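As a plain string of letters, each chain reads:
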Amino acid sequence: MTEILKSKRNLLELYQDIILKHSKMPKNTGVLKDYDCCYKEKNPLCGDKVTVSASLVNDVNEIKVVKDILFDGKGCAISIASASMMTEVTKGLSLKKIFDLADGVSNICKDQMLLANVINSFDEEVKNRLSSLQALTGVRNYPARLRCVTLPWEALTKCLSNKNNISN
Ligand code: ZN
């Protein structure tokens, strides 16, 4: 296979249907009116910007969970898709599990990590949600784009940390 064909195939891998779909029609966009935390993060390498706002609620066990989450973003397809997918999988999760999931996302995108090992290292709830984010592993071929994927997750974890509500 020629180098050109090879890079074309890799690009196709990177911009899988799911990424395209999320970047063209992102879910959960905007800024919540009644947010408990809001955080803006930038990726100067690619020019991506994302603002994450979230509202929190105590569940039946008095554990803080994300009740609602929106993102407002400008940037490349990967960063928008990652943010859109993030808002889908974090709703209803406890803060602790969201931090686990953020670690998992960063790890599934690192080429030296075995995908199955990363995914299996979490509990069932996190595992299932992490599996649904596998499309993002396309960046394994483009390490320079890793930050595009992790940017929204950084914004969210900083947003949640700022509120001093990590006790759960
Ligand atoms: Zn980007």
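Use the structure listed above.
Residues numbered from 1 in each chain as written. Predicted model: local features only at pLDDT ≥ 70, side-chain atom pairs only at ≥ 80, totals over all residues.

**Student:** If you had to explain the overall build of the protein chain to someone new, which residues and values would you point to?
**Tutor:** A count of helical and extended segments in the protein chain gives seven helices and three strands. The helix and strand sequence of the protein chain, counted from the amino end, reads α-α-β-β-β-α-α-α-α-α. Scored against the burial criterion, the 168 residues of the protein chain give a buried share of 37%. Of the contacts formed within the protein chain by residues at least 6 apart in sequence, a portion of 69% connects residues at least 24 apart. (Helix = DSSP H or I, 4+ residues; strand = E, 2+ residues; numbered from the N terminus. Buried ≥ 20, exposed ≤ 12 C-beta atoms within 10 Å, placed from the backbone. Contact = placed C-beta atoms within 7 Å.)

**Student:** Residue-level account of the sheet that holds strand E2 (residues 48-58), with values.
**Tutor:** Taken together, three strands build an open sheet; the order of strands is E1-E2-E3 and the sheet is antiparallel. Taken across any chain shown, the strands that pair with only one partner, and hence form the sheet edges, are strand E1 (37-43) and strand E3 (64-74). Averaged over all pairs of adjacent strands, the angle between strand axes in this sheet comes to 20°, irrespective of strand direction. The pairing of E2 with E3 spans 10 bridges and is antiparallel. Residue pairing across strands places Ser55 opposite Asp68, the latter belonging to E3. (Pairing = 2+ DSSP bridges. Axes fitted to C-alpha atoms, helices over the stretch in contact; angles between N-to-C directions.)

**Student:** Give me the pairing of E2: which residues, what numbers.
**Tutor:** Sheet analysis places E1 next to E2, joined by seven bridges and oriented antiparallel. Among the inter-strand pairings, Cys37 is bridged to a residue of E2, identified as Ala54. The turn joining E1 and E2, which pair antiparallel and follow one another in sequence, is formed by four residues; a positive phi near 85° is taken by Gly47. The antiparallel hairpin formed by E2 and E3 contains five residues in its connecting segment, where Glu62 sits at a positive phi of about 65°.

**Student:** Would you mind going over the nonpolar core in detail, with residue names and values included?
**Tutor:** Counting 37 residues, the largest nonpolar core has Val52, Val105, Leu136, Leu156 and Cys159 as the members making the most contacts within it. When contributions to this core are tallied by element, the ones reaching two or more residues are E1, E2, E3, helix H3 (77-90), helix H4 (95-108), helix H6 (124-131) and helix H7 (146-162). Sorting elements by how many residues they give to this core places H7 first, with eight residues. (Core = buried A, V, L, I, M, F, W, Y, C linked by C-beta atoms within 7 Å.)

**Student:** For the environment of Val89, give the residues involved together with the corresponding values.
**Tutor:** Tracing the chain through its elements places Val89 in helix H3. Judged by C-beta crowding, with 19 C-beta atoms within 10 Å, Val89 ranks as partly exposed. Along the sequence, Val89 and Val126 sit 37 residues apart, while their C-alpha atoms lie 9.1 Å from each other. Setting aside chain neighbours within four positions, we find Val89 in contact with Leu101, Arg129, Ser132 and Leu133.

**Student:** Describe H7, with residues and values.
**Tutor:** Taking 1.5 Å of rise per residue, 17 residues should cover 24 Å, and H7 covers 24 Å from first to last C-alpha, within 8% of that figure. A bend of about 25° at Pro152 is the largest found in H7. In terms of residue burial, H7 counts as a mostly covered element, since 12 of its 17 residues are buried. Every buried residue of H7 is accounted for by Arg147, Cys148, Val149, Thr150, Leu151, Pro152, Trp153, Ala155, Leu156, Thr157, Cys159 and Leu160. (Expected span 1.5 Å × (residues − 1). Bend = angle between axes of the 7 residues up to and from the residue.)

Without other data, these values stay purely geometric and don't point to any function.
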